[in-house]
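Inside the fold
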Amino acid sequence: MRLEESNYVIESSQAILEMMAILDVCSEKVNAEILSIFIAICRKCDRTLLRCREVKLGEIILEKIPRSTGIIADLYLDLITILFQFSINLNEFRQLYKQLCINPMTGNLHRHSASLLKVLTSAVIRENGCPDAYFSFVGRGKSSIVLPPIRSLPNSSSWSFQCWFRYESSIFQTEQPIPTSDAPAIPESQEELIKPYLYCFRTSSGIGYSAHFVSSCLVITSLKTPGKGFQHAIKYEFKPQQWYHLSINFIYNRWKTSEIETFVNGQLVSSGDLAWEVTPQSNEKFDKCFIGSADTGDESRLFCGQIASLYLFNKSLNPDQVSAIYNLGPSYRNQFQFSSESDNILTSKQKDHLYNTDLSESILLSYNPKSTDNNLCLECSPRNRYVHGSSAPNSVPQELMKIVDLPHALMMSDVEAVFTDSVEHALHSCGGIEVLFPLFSQLDVEFDRNDIFNNEVHGYDRLRGDGSSTVDPATGERICAMNNKPNIAAMLLRLIERILKSSINSQQQMLQSKGFLLIAKYIQNSASKHV
């Protein structure tokens, strides 16, 4: 286990299993201290959560929760909340759902059913809009994606780079001076501080484009000759552990100075003149193209964080298109061809900007973590433009052949394609939102004896003794104090609400199955004190 002030990472998944074995033989006080530290570590870095998923820690904790009480139970519940907000697979969902149902041995609800229901509700909406798949860069060794040599970027027109990314705080361990908005580029040999690169497109002679971080600022560089060029500092403070949508437009103007525009989360945050145009010599390729690294491969230039799908377009995107792409969300990785391909709700104008323009045909290169085969990252631009004289649907588009020889990229050994599962996916595998309806038939069922709701409720205020109800200040949910039982009906409705907000498919299934009528019937048949 490696623990530093700015880098909370558990490198070995075996260490997690050993920690769980130690908990079985330690006192409650020691268990509480270990779990508290481990929870803090898990909150800091997704790479630790990946190691937890490798050892199926969620299933292990779900087996321990029924036998746990007091503060240990609370800590286990906090831990699986973090784990399931990151990813919850089908087996974990089934195991959790089983503990929401009536215990066949006692005929009552499991002691932690209400708390687990809150865990499931919090797992529906991913924290900070996390995508369901991304590339993970560890920031050391050979942590980069090597793109194929690009014959030429459309300098005589315009082009755009676009991606979702999140960086980890460990890449900025020292305070560094932030350059002015528009300043001459300094030679690479004079850079002595840590400056992680988001992308780098350069030729063998050292000219080209790149974007790197200086503290929390992103600096875009355009080198016309080695060591001489132009830098533009984006006027935006990027914070660690947060996902951002970044779109950079390089706009070519024939009769005036070219421009550069930068959009963050769909909004224009910075723009300026691009005084130094990159014009490679004839037959000179951009053969040093990297994502997450500079062309030198130095460890001080490696990006540490996550990058979701990325696109290169052969034109500059207008603000409406950038905003519409941002509203598709970080999990989008398609080709802007079908208006029904996204589960996000878009306005008719946003759909027009995405699907009724030439946006799909403007994709030069596209890579996403779902389209990988071992360390090979497959290029995913549309295949509806064939090479002249060929009708094969899998042939490479003629436009793409002008850009690259072989379109696929290579993930180096320290880059990992990460896939996560959501509550919606698990529900779909089990039969959809309908599997939650029977839980409303249990509103009158009592909890097992010695449950955690005796006088105190996990996550709630102490119950009143006069039989009235109290309200959780965090969620506004009412607690039925008549029998020390939380309002399960309100908690289930909150869960249904979040699922419907996050999934159009669930909305359609809810209407087709007449789910609201079924829920109303269950509530009508329940005692009023439990509603």
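Look up a bit, the structure's there.
Regarding the packing of helix H6 (residues 90-100) against helix H11 (residues 423-430)
The N-to-C vectors of H6 and H11 enclose an angle of 80 degrees; their axes lie 9 Å apart at closest approach. Between H6 and H11, the interaxial angle falls into the category roughly perpendicular. When H6 is examined against H11, the residues Leu-90, Phe-93 and Arg-94 are found in contact with a partner set consisting of Val-423, Ala-426, Leu-427, Ser-429 and Cys-430. When the residues that make up the contact of H6 with H11 are grouped by side-chain class, the tally is 6 nonpolar, 1 polar and 1 charged.

Examining the environment of Leu-365
Of note, Leu-365 is situated in strand S16 (residues 363-367). Of the residues examined, Leu-365 reaches a relative accessible area of 2% and is grouped as buried. Linking Leu-365 and Leu-147, residues 218 residues apart in sequence, is a C-alpha distance of 9.7 Å.

Quick look at the state of the cysteines
According to the stated counting rule, one finds 0 disulfides in the structure shown. Its sulfur unpaired, Cys-52 is 4.2 Å from the next cysteine sulfur, which belongs to Cys-42.

Some thoughts on the packing of aromatic side chains
The full count for this structure, using the stated rule, is 24 aromatic pairs. Ring centres of Tyr-199 and Phe-201 lie 5.1 Å apart, and the angle between their planes is 25 degrees; on these two criteria the pair is classed as stacked. A relative accessible area of 0% means that Phe-201 is categorised as buried. When the centroid spacing of 5.1 Å and the interplanar angle of 35 degrees are considered together, the rings of Tyr-332 and Phe-336 count as tilted. Taken together, Phe-137, Phe-165, Tyr-167, Phe-213, Tyr-236, Phe-238, Tyr-244 and Phe-303 form an aromatic cluster joined through their ring pairs.

A few points about the nonpolar core
Phe-38, Leu-57, Ile-61, Ile-80, Phe-84 and Leu-436 are the most contacted members of the largest nonpolar core, which has 71 residues in total. Tallying contributions element by element places helix H5 (residues 70-86) first for this core, with 10 residues. Discounting chain neighbours no more than four positions away, the residues touching Leu-436 are Tyr-97, Leu-427, Leu-495, Ile-496 and Ile-499.

Section: the packing of helix H1 (residues 13-23) against helix H4 (residues 57-64)
Running from N to C, H1 and H4 cross one another at 10 degrees; their axes reach a closest spacing of 12 Å. Taken together, the axis directions place H1 and H4 in an arrangement best described as roughly parallel. Contact with H1, carried on its side by Ile-16, Leu-17 and Met-20, involves Leu-57, Ile-60, Ile-61 and Lys-64 of H4 and no other residues of that element. Split into classes, the residues belonging to the contact of H1 with H4 amount to 6 nonpolar, no polar and 1 charged.

About the cut-offs
Sequence order as written defines residue numbering, which begins from 1 separately in each chain. In keeping with the model being predicted, local features are shown solely for residues with a pLDDT of at least 70 and side-chain atom pairs are shown and tallied solely at 80 or more, while totals for entire chains, interfaces and linings include all residues. Hydrogens and waters are ignored; side-chain quantities use all the structure's heavy atoms. To get an axis, a line is fitted to the C-alpha atoms, and for a helix only the part in contact is used. The angle between two axes follows their N-to-C directions and goes from 0 to 180 degrees. Elements are defined by DSSP. Helices are runs of H or I of four residues or more, strands are runs of E of two residues or more, and each kind is numbered from the N terminus. With respect to orientation, any angle under 35 degrees is reported as roughly parallel, any angle over 145 as roughly antiparallel, any angle of 65 to 115 as roughly perpendicular, and every other angle as oblique. The criterion used for residue contact is that any of the two residues' heavy atoms lie within 4.5 Å. Only Asp, Glu, Lys and Arg are considered charged, only Ala, Val, Leu, Ile, Met, Phe, Trp, Tyr, Cys and Pro nonpolar, and every remaining residue, Gly among them, polar. For the exposure calls, accessible area comes from a 1.4 Å probe over protein chains only, and a residue counts as buried if that area is under 20% of its type's maximum, exposed if over 50%, partly exposed in between. Disulfide assignment relies on a single distance test, namely cysteine sulfur atoms paired within 2.5 Å. Stacked, tilted and edge-to-face are the three classes applied to pairs of Phe, Tyr and Trp rings, where Trp contributes its six-membered ring and a pair requires centres within 6.5 Å; stacked means planes under 30 degrees apart, edge-to-face means over 60, and tilted covers the rest. Only buried Ala, Val, Leu, Ile, Met, Phe, Trp, Tyr and Cys residues count toward a nonpolar core, and they belong to the same one when joined by side-chain atoms within 4.5 Å.

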